[in-house]
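Structure at a glance
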Amino acid sequence: MPQLKELLVEQLQDLLHAEGQLTDALPKMAEAANHPKLKEAFEKHLIQTQDHVERLRKVFEVLGEKAQPKPCRAMMGLIEEGKETMEEGAEKEPIAADLALIGAAQRVEHYEIAAYGTAKALARQIGAVDAARLLSHTLGEEESADFLLTAISDPLLQQAAIEDGGDSINLEAVGKQGTTRTTKRSEKSETMASRGR
Ligand code: ZN
Ligand code: FE
Ligand code: FE
């Protein structure tokens, strides 16, 4: 097999195993999530991840190769850390637990974004246009999933910061005086919240 195609097949085998593991992990992450929007995001990404597995099978098919997974140890490690995050989250405040869970999930998405980017470049280089298109589709969904997690984390960060401020922040006084920084933050917080509705 030409070396570029062989490299592509190796990337796909790794991804097939990685995505397969995620279809098991995402329901647990959805269950662990406190905020309904985060739960919803994991549930939505589970359905997408099932599509990713199917799409990878199609890529193997158009390349005329067998869809054979090869253990992705990186994803095993990320999922292992995710489990730890969920266990530790049970002892944390709900917002802190969600923020930690988002951190774990974004590590996963970034790994996938890197892997699909590599696979897509290899497919393009060997002129496997259909394979490249399928990989590009999934890459876009991984990027949106990452973006959505950032959007969900924004208001949670704001809220956690307010909680951390405790007695030292007098919200009424802040509203009246309207210091630049605090005004910006509260405006942003409103925007994120209304955008989410
Ligand atoms: Zn995926
Ligand atoms: Fe891997
Ligand atoms: Fe993903």
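Residues numbered from 1 in each chain as written. Chains lettered and ligands numbered in written order. Predicted model: local features only at pLDDT ≥ 70, side-chain atom pairs only at ≥ 80, totals over all residues.

**Some points on the environment of A160**
Among the secondary structure elements, A160 is positioned in helix α5 (residues 129–165). Note: C-alpha distance between A160 and I95 (65 residues apart in sequence) is 6.7 Å. Apart from residues lying up to four places away in sequence, A160 is in contact with I95, A96 and L99. (Helix = DSSP H or I, 4+ residues; strand = E, 2+ residues; numbered from the N terminus. Contact = placed C-beta atoms within 7 Å.)

**Regarding the environment of G89**
Along the chain, G89 turns up in helix α3 (residues 73–89). For G89, a count of 20 C-beta atoms within 10 Å puts it in the buried group. In the structure, G89 is positioned eleven residues away from A100 in sequence and 7.5 Å away in space, judged by C-alpha atoms. Among all residues touching G89, those that are not within four sequence positions of it are A32, A97, A100 and L101. (Buried ≥ 20, exposed ≤ 12 C-beta atoms within 10 Å, placed from the backbone.)

**Digging into the packing of helix α1 (residues 3–32) against helix α2 (residues 36–63)**
Running from N to C, α1 and α2 point in directions that differ by 160 degrees, and their axes come no closer than 9 Å. It follows that α1 is roughly antiparallel to α2 by the angle criterion. Where α1 crosses over α2, the two elements pack in a sense that is left-handed. Considered class by class, the residues forming the contact of α1 with α2 number 16 nonpolar, six polar and three charged. (Axes fitted to C-alpha atoms, helices over the stretch in contact; angles between N-to-C directions. Parallel < 35°, antiparallel > 145°, perpendicular 65-115°, else oblique. Left-handed = near helix turned anticlockwise from the far one by under 90°. Nonpolar A, V, L, I, M, F, W, Y, C, P; charged D, E, K, R; others polar.)

**Some remarks on the nonpolar core**
In summary, soluble globular proteins display a tendency toward joint burial of nonpolar side chains. With 43 residues, the main nonpolar core has L12, M29, L101, A119, A123 and L135 as its most contacted residues. Those elements that place two or more of their residues in this core are α1, α2, α3, α4 (94–125) and α5. Looking at which element gives the most residues to this core, the answer is α4, with twelve residues. With residues up to four places along the chain from it excluded, the contact list for L135 reads V59, Y116, A119, K120 and A123. (Core = buried A, V, L, I, M, F, W, Y, C linked by C-beta atoms within 7 Å.)

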